[in-house]
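# Breakdown of the fold
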There are 2 protein chains.
Amino acid sequence: MTRAALNRDAYVEAALEVIAEVGVDKLSMRNVASRLSVSPMAMYKHFPTKDDLLAASLEAFIARASVVPDDTLPWERWVEQAARGMYEALCRELSWVPLLGSLPVGQQAIAVTDAFVTKLCEAGFTLEQSLQAYFAVIQVVVGAVCLRSSLDARTTAAADSANQTRSATRGEGRSNTGGPGIPGELQSFLKRDQITIGLPMIIDALKAQLEEART
Amino acid sequence: MTRAALNRDAYVEAALEVIAEVGVDKLSMRNVASRLSVSPMAMYKHFPTKDDLLAASLEAFIARASVVPDDTLPWERWVEQAARGMYEALCRELSWVPLLGSLPVGQQAIAVTDAFVTKLCEAGFTLEQSLQAYFAVIQVVVGAVCLRSSLDARTTAAADSANQTRSATRGEGRSNTGGPGIPGELQSFLKRDQITIGLPMIIDALKAQLEEART
DNA sequence: ACCTGAACACCGTTCAAGT
DNA sequence: ACCTGAACACCGTTCAAGT
């Protein structure tokens, strides 16, 4: 007996490790396989395509982020926490961001949607409003992470000249040498926690919606 | 005389053509070069790296989108039009979306920021508020385009079985076979023009801010 | 059922060389 | 200054073959 046969989960696990080390953009069938000391072709029995591996890995990533807040919270706090949870999970692994729009929506993502809509319907919103609210929040979260990721790329590029060893192993991709062109006020503004900007606006708008329905 | 020497603009032009035909994700140094019947290595004199070519192409794309609305509009309409302009430009070339967060912020992007902040400051917002508003709008636009792009991938994937010729030349990337798992209500909700969801919430919140400052 | 090795058609980028 | 050709170290994926 050479070794226990590898299953889907083992590959997803290895993929998540590779992603944590070098980022989604540098994951390859070959480096995931070599982490398991296996031929790259072994994976094609479980994942017909690299995208299938990525989709399964994203599912696992979402599942582990456990982004659904405590059900006893009032809806405003619940929504805020859910949004922050998504935002922070994505900030921990910024390299997912570019794929968010192109990978299929999986079961885990649908479960989060369900929880969100259910919570808001219980709070008195219509199903229509709840869905709108969900997408508005997702939009703000994704947008905030994009801005954050854009800032991140710029600061690590600046740090690259000083410290090259770490950035060589972690990379995170692009060079982003556009720093000089950005006005100072904009620079410092980007340093803020991006989610604090759009989210309160959304929540205020939702409160107004609920108020209006009551009268 | 063999041929007029190629300059940066010629390469950017060719890159935009390649992007229009096969999408940003399938642009390569080699296919841009071959469109100009030139060795791939010729480009490295003008663009030290593929990312430099992409950044220059994005600048040109933004410049051509001409997203800054008529200055005589009241600020609410101005903001709405600017946001729609960005949204529609990006929807025309969805393949830019994944790179938005990782490419450097260029002069064109800064010009748009400036116009936006100036307009809102004139309308009575503080500089701080104007910047916040700008980023909130950007967040919503990017988020909306991401959702739109996610929907697009799904419907073209479904159309692929029926009509393979066009999708083979345009591609747009990923397979996205997650259709079956998505509830019908969610499906039909995604068909809406995504920007109509979050944007009004942001504008309402901004109106409230201005109202509050006046009292 | 699961894995391997060799091969194909691609990448970005470097380097030495040409005009 | 601008361009070329060959080469290096990678990709995703296919295919025929092994256990």
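We now turn to the structure provided with this report. (Residues numbered from 1 in each chain as written. Chains lettered and ligands numbered in written order. Predicted model: local features only at pLDDT ≥ 70, side-chain atom pairs only at ≥ 80, totals over all residues. Heavy atoms only, no water.)

## Let's talk about the overall build of chain A
Along chain A, the regular secondary structure elements total nine helices and zero strands. For chain A, the succession of helices and strands along the chain, N to C, is α-α-α-α-α-α-α-α-α. Counting every position in chain A, which comprises 215 residues, the buried fraction comes to 47%. Long-range contacts, defined as pairs at least 24 residues apart, comprise 71% of the intrachain contacts of chain A with a sequence gap of at least 6. In the form shown here, chain A has an accessible surface area of approximately 10300 Å², with 53% of it arising from carbon and sulfur atoms. (Helix = DSSP H or I, 4+ residues; strand = E, 2+ residues; numbered from the N terminus. Buried < 20%, exposed > 50% of the residue type's maximum accessible area, 1.4 Å probe, protein only. Contact = heavy atoms within 4.5 Å. Areas by Shrake-Rupley, 256 points an atom, 1.4 Å probe, with all protein chains shown as cover.)

## Regarding unusual backbone geometry
All names here are of chain A. For Ser37, which is not glycine, the phi torsion reads 50 degrees and is therefore positive. Residue Ser37 is classed as exposed on the basis of its relative accessible area of 62%. Of note in the backbone geometry, Ser66 takes a positive phi value of approximately 35 degrees without being a glycine. With respect to the helices and strands, the residue Ser66 is situated in the loop between helix H3 (50-65) and helix H4 (75-92).

## Some remarks on the packing of aromatic side chains
Per the stated rule, a full pass over the model turns up twelve aromatic pairs over all chains. On the numbers, 6.3 Å between centres and 90 degrees between planes, the contact of B:Tyr11 with B:Phe47 is edge-to-face. With B:Tyr11 in helix H1 (residues 8-22) and B:Phe47 in the loop between helix H2 (29-35) and helix H3 (50-65), this residue pair connects regions lying 36 residues apart in the sequence. Centroid distance B:Trp75 to B:Phe125: 5.0 Å. Interplanar angle 85 degrees. Geometry classified as edge-to-face. One end of the pair, B:Trp75, is in helix H4 (residues 75-92); the other, B:Phe125, is in the loop between helix H6 (107-122) and helix H7 (127-162), with 50 residues separating them in the sequence. Note on B:Trp75: relative accessible area 9%, which makes it buried. The class of B:Phe125 is buried, set by a relative accessible area of 4%. Ring-pair connections join several aromatic residues into one group, and the members of that group are A:Trp78, A:Phe116, A:Tyr134 and A:Phe135. (Phe/Tyr/Trp six-rings, centres within 6.5 Å; stacked < 30°, edge-to-face > 60°.)

## Here's the deal with the side chain of B:Gln139
Considering the arrangement of structural elements, one finds B:Gln139 in helix H7. Relative accessible area serves as the criterion here: at 0%, B:Gln139 is assigned to the buried category. Sequence-distant contacts of B:Gln139, that is, excluding residues within four places in its chain, are made with A:Gln139, A:Val140, A:Gly143, A:Ala144, A:Leu147, A:Gln194, A:Ile197 and A:Gly198.

## Regarding the protein's contact with DNA strand D
Close to DNA strand D lie 17 residues, the nearest being A:Arg30, A:Met41, A:Thr49, A:Lys50 and B:Ser39. Atoms of DNA strand D within 4 Å of the protein: sugar and phosphate make up 45%, bases the balance. Here A:Tyr44 contributes a side-chain N or O atom positioned 3.3 Å from a phosphate oxygen of DNA strand D. In the model, a phosphate oxygen of DNA strand D is placed 2.8 Å from a nitrogen or oxygen of the A:Thr49 side chain. Grouping the amino acids of the surface near DNA strand D by side-chain chemistry returns nine nonpolar, four polar and four charged. (Near = heavy atom within 4 Å. Polar contact = N/O pair within 3.5 Å; in protein donor to acceptor, adjacent residues only side chain to side chain. Nonpolar A, V, L, I, M, F, W, Y, C, P; charged D, E, K, R; others polar.)

## Concerning the environment of B:Ala205
All names here are of chain B. By secondary structure assignment, the location of Ala205 is in helix H10 (residues 195-214). Residue classification places Ala205 among the buried positions, given a relative accessible area of 14%. Distance in space between the C-alpha atoms of Ala205 and Thr126 is 15 Å, their sequence separation being 79 residues.

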